[in-house]
Amino acid sequence: MADGIYILANDVVFDHLVALLNSLEVNGAKNIPVCIIPYDDNLKKVRSHISLLHNVTLFDNTDSIDFWENFATQAWTSHRKAQQVWQAKGWGQVHGLGMHRKFCCFDGSFDKFVYFDCDTLLMGSLDYIYQKLDEFDWVANDFQYKSDLNYVFDLSSPKLAEFFNLGQLQSQIFCAGWFASKKGILNGNNSSQLLDKLTSGEAEILSLRGTDQPLFNYLVARSAISFYNFAYHQPALVTGNHWSSQFEVIDYVLYDKGRRLTYLHYMSISAAKFTQLCAGEDVEIPYREVFLHYRYLNSPQTRPKLAPPNLLVRLQRNLKTWGIRKINNVQFKLRNFWDR
């Protein structure tokens, strides 16, 4: 069976992608093939970079991309609350539609795979993850289950208890930014059945604190896919993975109380900050030296010398942020006026 790694990326997260690919090369995944799923068509730098790499390809199955984007669109447009909230914010019908392209993992060439959001760095071997896929169809290693269930499902929906045991559901939620599964676990047949359920009213149980993550969790739980979370079943043996935790750094590898991390996830930190950092701005980012090490691992001569942004740049950014907030506030007030 072919093992592989999928990453969702475009040029906006190019610095993330380079750092992640370099971390894969030196931290235990050098011989594992990688496939980049395009977030959108903004791929000029991505295409140029991976053309120089022997073990990295670009996912080009447009039928799969169209299928899963259509699936996500139908699911979320049937969520009336989502449509009201997103329209009030001036967003499209499906917020973050490109994030749902990660569902294309199930149509790719890898029999078993690990999926990485681009804002991740590999720290250690993935062997134990692939081995666990011999027993289960879905494997996670995160502490999402300790967070508020409202980040994944809408607890205010009376329908939630109709479909799930809430006590059990809390232990089964996971972060959709890093997981492992198998080819075809989600497919045209079972996804069609699940879409029927979503569009018949079950979509309302999905939280609006994310888009792809609530949908992933719903599909796994509703279809009773066999699921294993190392962080839940073996909490004393696994490490944290979120940037907000305090880890020890040894030779650009992170350790949690002496145990080597499998991965570090920078989720919720804006990609713009990393772009500014790699442009030479003195931006504060957790484990910044670790990120910069992997970003410029194969091109240390291009690593920038950091300096604070000048006054004009800071002023422009502040004005832009203020303008966006002002526009969103005006749109919200107008929407409320016309909805009276």
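Residues numbered from 1 in each chain as written. Predicted model: local features only at pLDDT ≥ 70, side-chain atom pairs only at ≥ 80, totals over all residues. Heavy atoms only, no water.

Chemist: Which residues make up the pairing of strand β4 (residues 112-117), and what values do they have?
Modeler: Counting buried positions over the six residues of β4 gives six, a clear majority of the element. Residues Lys 112, Val 114 and Phe 116 line one face of β4 and the alternating positions Phe 113, Tyr 115 and Asp 117 line the opposite face, and both faces are buried. Where strand β1 (residues 3-9) and β4 come together, six bridges link them in parallel fashion. Bridged to Tyr 6 within β4 is Tyr 115. Summarising the sheet, β4 and strand β7 (residues 178-182) pair through five bridges and their orientation is antiparallel. Residue Val 114 lies in a different strand from β7, and its bridge partner there is Ala 180. (Buried < 20%, exposed > 50% of the residue type's maximum accessible area, 1.4 Å probe, protein only. Helix = DSSP H or I, 4+ residues; strand = E, 2+ residues; numbered from the N terminus. Pairing = 2+ DSSP bridges.)

Chemist: I'd like a rundown of the packing of aromatic side chains, residues and numbers included.
Modeler: This structure, assessed with the given rule, holds 30 aromatic pairs. In this structure, Lys 132 is placed above the aromatic ring of Tyr 228, and the distance from its NZ or CZ to the ring centre is 4.3 Å. The ring of Tyr 296 has Arg 295 sitting right over it, with the charged end atom 4.5 Å from the ring centre. (Phe/Tyr/Trp six-rings, centres within 6.5 Å; stacked < 30°, edge-to-face > 60°. Lys NZ or Arg CZ within 6 Å of the ring centre and 35° of its normal.)

Chemist: Tell me what's going on with the side chain of Ser 23, and back it up with residues and numbers.
Modeler: Mapping Ser 23 onto the fold places it in helix α1 (residues 14-26). Note on Ser 23: relative accessible area 0%, which makes it buried.

Chemist: Which residues make up the side chain of Arg 295, and what values do they have?
Modeler: Its location among the elements puts Arg 295 in helix α12 (residues 288-295). Using a relative accessible area of 11% as the deciding quantity, one classes Arg 295 as buried. Of note is the side chain of Arg 295, whose polar atom sits 2.7 Å from the side chain of Asp 15. Those residues in contact with Arg 295 that sit more than four places away from it in its chain are Phe 14, Asp 15, Val 18, Ala 19, Asn 22 and Cys 278. (Polar contact = N/O pair within 3.5 Å; in protein donor to acceptor, adjacent residues only side chain to side chain. Contact = heavy atoms within 4.5 Å.)

Chemist: Kindly report on the environment of Arg 47, identifying the contributing residues and their values.
Modeler: Within the secondary structure, Arg 47 is located in helix α2 (residues 44-50). Remark: the alpha-carbon pair of Arg 47 and Val 85, spanning 38 residues in sequence, is separated by 36 Å.

Chemist: Give a description of the packing of α1 against α12 that names residues and reports values.
Modeler: The interhelical angle for the contact between α1 and α12, taken along N-to-C directions, is 80°, at an axis separation of 7 Å. Classified by the interaxial angle, the pair formed by α1 and α12 is roughly perpendicular. Of α12, the residues touching α1 (which contributes Phe 14, Asp 15, His 16, Val 18, Ala 19, Asn 22, Ser 23 and Val 26) are Phe 291, Tyr 294 and Arg 295. Classifying every residue of the contact of α1 with α12 gives six nonpolar, three polar and two charged. (Axes fitted to C-alpha atoms, helices over the stretch in contact; angles between N-to-C directions. Parallel < 35°, antiparallel > 145°, perpendicular 65-115°, else oblique. Nonpolar A, V, L, I, M, F, W, Y, C, P; charged D, E, K, R; others polar.)

Chemist: Help me get a handle on the pairing of strand β2 (residues 34-38), residues and values and all.
Modeler: The buried count for β2 comes to five of five residues, which makes it a mostly enclosed element. Residues Val 34, Ile 36 and Pro 38 line one face of β2 and the alternating positions Cys 35 and Ile 37 line the opposite face, and both faces are buried. Both β1 and β2 contribute to a ladder of five bridges, which runs parallel. Each bridged residue has a counterpart across the sheet, and for Ile 7 the counterpart in β2 is Ile 36. Remark: the β1/α1/β2 crossover connection has right-handed handedness. Across three bridges, the pairing between β2 and strand β3 (residues 56-58) is parallel. Paired with Val 34 across the strands is Val 56, a residue of β3. (Right-handed = clockwise from strand over helix to strand, strands pointing away.)

Chemist: Just give me the short version of the sheet that holds β2, but keep the residues and values in it.
Modeler: Within a beta sheet, neighbouring strands are joined by backbone hydrogen bonds and run either parallel or antiparallel to one another. Spatially, the seven strands line up as an open sheet ordered β3-β2-β1-β4-β7-β6-β8, and their pairing is mixed. Both edges of this open sheet fall to β3 and β8 (227-229), since each of them pairs with a single strand only. Pairs of neighbouring strands in the sheet enclose a mean axial angle of 20°, with direction left out of account.

Chemist: Just give me the short version of α1, but keep the residues and values in it.
Modeler: Along its 13 residues, α1 runs 19 Å from first to last C-alpha, staying within 8% of the 18 Å computed at 1.5 Å per residue. In terms of burial, α1 is a largely internal element, 11 of the 13 residues being buried. Phe 14, Asp 15, His 16, Leu 17, Val 18, Ala 19, Leu 20, Leu 21, Asn 22, Ser 23 and Leu 24 are the residues of α1 that are buried. Following α1 by one or two positions, Gly 28 adopts a phi angle in the positive range, close to 115°. (Expected span 1.5 Å × (residues − 1).)

Chemist: Describe the packing of helix α8 (residues 188-199) against helix α9 (residues 212-222), naming the residues involved and giving the relevant values.
Modeler: Between α8 and α9, the shortest axis-to-axis distance is 11 Å and the interhelical angle comes to 115°. Our classification of the angle between α8 and α9 gives roughly perpendicular. Here α8 runs over α9; the crossing is right-handed. Contacts between α8 and α9 involve Leu 194, Lys 197 and Leu 198 from the first element and Leu 215, Tyr 218, Leu 219 and Arg 222 from the second. (Left-handed = near helix turned anticlockwise from the far one by under 90°.)

Chemist: For the sheet that holds strand β11 (residues 259-260), give the residues involved together with the corresponding values.
Modeler: Read across the open sheet, the three strands follow the order β9-β10-β11; overall the sheet is antiparallel. Two strands in the sheet have a free side with no partner beyond their single neighbour: β9 (248-250) and β11. As paired elements, β9 and strand β10 (residues 253-256) share three bridges and run antiparallel to each other. Note on β10: the bridge partner recorded for Val 249 is Leu 254.

Chemist: Requested: an account of α8, with residues and values cited.
Modeler: An α-helical turn contains 3.6 residues, so a residue and the one three or four places further along point in the same direction. Between its first and last C-alpha atoms α8 spans 16 Å; for 12 residues at 1.5 Å apiece the expected length is 16 Å, and the two agree. Burial in α8 covers these residues: Ser 191, Leu 194, Leu 195 and Leu 198. Here the buried residues of α8 occupy an arc of 105° about the axis, which is enough to place them on one side. Of the exposed residues in α8, those oriented more than 90 degrees away from the buried face are Asn 189 and Gln 193. Buried-residue contacts for α8 involve α3 (62-77) and α9. Measuring from the backbone nitrogen of Asn 189 back to the side-chain oxygen at the start of α8 gives 2.9 Å, which picks out Asn 187 as the cap. Where α8 terminates, the next one or two residues include Gly 201, which has phi positive at roughly 130°. (Arc of directions from axis to C-beta.)

So yeah, pure geometry; function would need other evidence.
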